[in-house]
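Understanding the architecture of this molecule
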Amino acid sequence: MGAPGLLEESRVKASPPVGSGGTVAVPRPPSKPWDLPGGTGQGTLKLEVSHFDLWYGEKQALFDINLRAHERTVTALIGPSGCGKSTLLRSLNRMNDLVDGVSTAGSVALDGQEIYTPDLEVELLRRLVGMVFQKPNPFPKSIYDNVAYGLRIQGERRPVVLDEAVERSLRASALWTEVKDRLDQSALGLSGGQQQRLCIARALATGPEVLLMDEPCSALDPLSTQKVEDLIHELRSTCTIVIVTHNMQQAARVSDRTAVFLMGVLVEEGPTEKIFTSPDRKETEDYVTGRFG
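How each quantity is defined
- Residues numbered from 1 in each chain as written.
- Predicted model: local features only at pLDDT ≥ 70, side-chain atom pairs only at ≥ 80, totals over all residues.
- Heavy atoms only, no water.
- Pairing = 2+ DSSP bridges.
- Helix = DSSP H or I, 4+ residues; strand = E, 2+ residues; numbered from the N terminus.
- Buried < 20%, exposed > 50% of the residue type's maximum accessible area, 1.4 Å probe, protein only.
- Axes fitted to C-alpha atoms, helices over the stretch in contact; angles between N-to-C directions.
- Contact = heavy atoms within 4.5 Å.

As summarised here, the arrangement of the four strands in space is E2-E1-E4-E5, forming an open sheet in which the pairing is antiparallel. Two strands lie at the open edges of the sheet, namely strand E2 (59–70) and strand E5 (113–114), each paired on one side alone. Strand direction decides the pairing type here: strand E4 (residues 102–110) and E5, joined by two bridges, are antiparallel. Across the sheet, leucine 110 pairs through a bridge with glutamine 113, a residue of E5.

In structure tokens:
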């Protein structure tokens, strides 16, 4: 038996309901006050990291991390290379389970439910907590098959469900108008920026509630970077987003809150504007002003 709350919700998302006339009825999330123009509320707590430590073998990489991410917000993780940002990001959907010798202590909770339990089905967790990597990694398949891949792995075979999910996800990733007439062509023929947006569409197809992004623009040109940043602003209306970036300007543009890491320690976390204009810690000020890192 797995953890029933999380796994049951995952199974519901794996098979979108079919409405009348053969169309897929995709439930819309309820509107919330902080989605309105000018809203400043944080919403419901979505992710909570509590006293979290991580080791690669005998080497400790994360030290007593405490971090919260609320619904429909963007949290940026910043800091020098090798400070633990990506390690923490991969811990949020247990991608580090794939690395030999990794051990952890402490807690990571999704909707109040601990994800580091031995009976949790990790693949179901990753349906709710999707991930986009630093470099675009489309499969050597058609554009359509790339987006539909996750649903097919879950056992979905209904053409109406797959077609609707592919179109919805490509529209959500601002790619539909560019590829709608060549869905059967190889995804490897897309530009780098298009490939990254395709990978975002692939992650969105399974209906994640949290999207983890590990330096998604580091390999992109400025125009493609702007498109991805615009996409992040759109996605925050339905997803909780946690993004790792080395670009201070990008963190300031896209995030609601920013967490600063140094040598595996979370030095400071708070509203992005405050972190960049009036941080509490000298280490934070030194990093965001370019004095080190």
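More follows now that the structure is in view.
Residue alternation in strand E6 (residues 129–132) divides its side chains into two sets, Val129 and Met131 and Gly130 and Val132, and both sets are buried. By the bridge criterion, four bridges tie E6 to strand E7 (residues 210–214) in an arrangement that is parallel. Across the sheet, glycine 130 pairs through a bridge with leucine 211, a residue of E7.

Turning next to the sheet that holds strand E3 (residues 74–78). Read from one edge of the open sheet, six strands run E6-E7-E8-E3-E9-E10, paired in mixed fashion. Whereas interior strands pair on both sides, the edge strands pair on one side only; in this sheet they are E6 and strand E10 (265–271). In this sheet, neighbouring strand axes are inclined to one another by 15° on average, regardless of whether the strands run parallel or antiparallel. Two elements, strand E9 (residues 257–262) and E10, share six bridges in a ladder whose sense is antiparallel. Paired with alanine 259 across the bridge in E10 is glutamate 269. The strands that helix H8 (residues 222–235) touches are E3, E7 and strand E8 (240–244); relative to E8, the one it contacts most, it runs at about 150°.

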